[in-house]
Amino acid sequence: MGSGSSSWSFKTLCFLLVVMCAQVCTARKVTIWKKEEDGDKYDQQAEANSSSTHMHHMDPSERIFFTLHDLKIGKSLPVYFSHKDPSTSPHLLSRKEVNSIPFSSAKLPYLLEFFSFSKHSPQAKAMKYTLTECELRPIKGETKFCATSLESMLDFARGIFGLDTNFSVLTTSFITKPLSPLQNYTILELPEEIIAPKMIACHSMPYPYAIFYCHYQESQHKLFKVSLSGENGERVEAVAVCHMDTSEWNRDHASFRVLKIEPGSSPVCHFFPADNLVWVPELPAALT
């Protein structure tokens, strides 16, 4: 399939599950917002995305969208890639732990008390945003799910791809750490299309522990790996998707503002942040 070092086998994921669960302490001790400025950051991101009911990108900048015609060698694009410190990122809890904690906007007062956040804090606003987005009805042709554990994420993938299908996960990776989150990136090589009849995108959401908004769409898409070089010499191996039909998307979606187009008028492409996961089924060798 040509997915390279950013693609993991199912066996590797099972091992990862054991490691991640072993690293996590009890739910009450898990904290994502260790500093007030972290809460402010997630508050701003939640407000910036509150008008969108579809693709939920939690980066503070909307500079991740482009067109299919931009995918060519030498093309320069302004792109925002955040680089988060893994030590301050939220951890995935085990299914047993998350099952003991409500995940519902109706339980928000209890959850704020549980995690010791005041109801007017940035953290409270971000939690409300995540819970609300997770409870929204999917658009036509979309299957969505907010994964609160790696086990539940894998179950969702099996439900979409089939119980007997092996699958891999793709991520955007930094060859060198970006010095500036937003800068001009140049496409170095011919983008590699990843043949995947189905794709599940999982976007990280602001919450005291790791939450991923995962969704699968029946509409046509094209998935790519793109080698980028930043203006300061940084290297990024990015995963990007082009949605060929956006007619069902919310008119207020950020991509339409950035690209100055209307829903359904043109394919919309975007890069995935490094903390997002893209699941694809592994195809037989004869088809790759």
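Residues numbered from 1 in each chain as written. Predicted model: local features only at pLDDT ≥ 70, side-chain atom pairs only at ≥ 80, totals over all residues. Heavy atoms only, no water.

As annotated in an unreviewed UniProt entry, the chain is BURP domain-containing protein from Melia azedarach.

Draft legend 1. Fine view of the environment of I261. Residue placement: I261 occurs in the loop between α7 (254–259) and β12 (268–271). Residues I261 and R251, spaced 10 residues apart in sequence, show a C-alpha to C-alpha distance of 9.7 Å. Residue contacts for I261: discarding those within four places in its chain leaves F256, S266 and V268. (Helix = DSSP H or I, 4+ residues; strand = E, 2+ residues; numbered from the N terminus. Contact = heavy atoms within 4.5 Å.)

Draft legend 2. Region of the structure containing empty space enclosed by the protein. Scanning the entire structure with this criterion turns up 3 cavities of 30 Å³ or more. One number sums up the size of the largest cavity: a volume of about 50 Å³. Surrounding the largest cavity, M199, Q217, S219, Q220, H221 and H243 form its lining. Residues of the lining of the largest cavity, tallied by class, amount to 1 nonpolar, 5 polar and no charged. (1 Å grid on protein atoms, 1.4 Å probe; cavity = no way out; pocket = protein on both sides within 12 Å on 5 of 7 lines; lining within 4 Å. Points joined across faces, edges and corners; volume = space filled by probe spheres on them. Nonpolar A, V, L, I, M, F, W, Y, C, P; charged D, E, K, R; others polar.)

Draft legend 3. Representation of the nonpolar core within the structure. Counting 20 residues, the largest nonpolar core has L111, F115, M127, Y207, Y209 and I211 as its most contacted members. Breaking this core down by element, the ones donating at least two residues are α4 (108–114), α5 (122–135) and β9 (211–217). A per-element tally of this core places α5 first, with 5 residues. (Core = buried A, V, L, I, M, F, W, Y, C linked by side-chain atoms within 4.5 Å. Buried < 20%, exposed > 50% of the residue type's maximum accessible area, 1.4 Å probe, protein only.)

Draft legend 4. Examining helix α6 (residues 150–161) more closely. End to end, α6 covers 16 Å across 12 residues, agreeing with the expected 16 Å (1.5 Å per residue, within 8%). For α6, a buried count of 9 out of 12 residues is recorded, marking the element as mostly surrounded by other parts of the structure. Within the span of α6, buried status applies to L150, E151, S152, M153, L154, F156, A157, I160 and F161. One or two residues past the end of α6 sits G162, with phi positive at roughly 110°. (Expected span 1.5 Å × (residues − 1).)

Draft legend 5. Quick peek at unusual backbone geometry. In this structure, S116 takes a positive phi of about 65° despite not being glycine. For S116, the position within the fold is in the loop between α4 and α5.

Draft legend 6. Seen up close, α5. Here α5 spans 20 Å end to end across 14 residues, near enough to the 20 Å set by a 1.5 Å rise per residue. Most of α5 sits out of view: 10 of its 14 residues are buried. Of all the positions in α5, only P122, Q123, A124, A126, M127, Y129, T130, L131, E133 and C134 are classed as buried.

Draft legend 7. Expanded view of the environment of S149. Positionally, S149 belongs in the loop between β3 (142–147) and α6. Here S149 falls in the buried class, since its relative accessible area comes to 1%. Those residues in contact with S149 that sit more than four places away from it in its chain are L92, L93, S94, R95 and V98.

Draft legend 8. Highlighting the state of the cysteines. The tally for this structure, following the rule as stated, stands at 3 disulfides. Through a disulfide, C202 is tied to C214; the S-S separation comes to 2.1 Å. On the sign convention where negative means left-handed, the S-S torsion of about 115° between C202 and C214 marks this disulfide as right-handed. Of this pair, C202 sits in strand β8 (residues 200–205) while C214 sits in strand β9; the two residues are 12 residues apart in sequence, bridging distant segments of the chain. For C202, a relative accessible area of 1% translates into the label buried. In this model, C242 is linked to C269 through a disulfide, with the two sulfur atoms separated by 2.0 Å. Note on the C242 and C269 pair: the S-S dihedral is about 105°, so by sign convention the disulfide is right-handed. On the criterion of sequence distance, the pair formed by C242 in strand β11 (residues 235–243) and C269 in strand β12 is long-range, its members being 27 residues apart. (Disulfide = S-S within 2.5 Å.)

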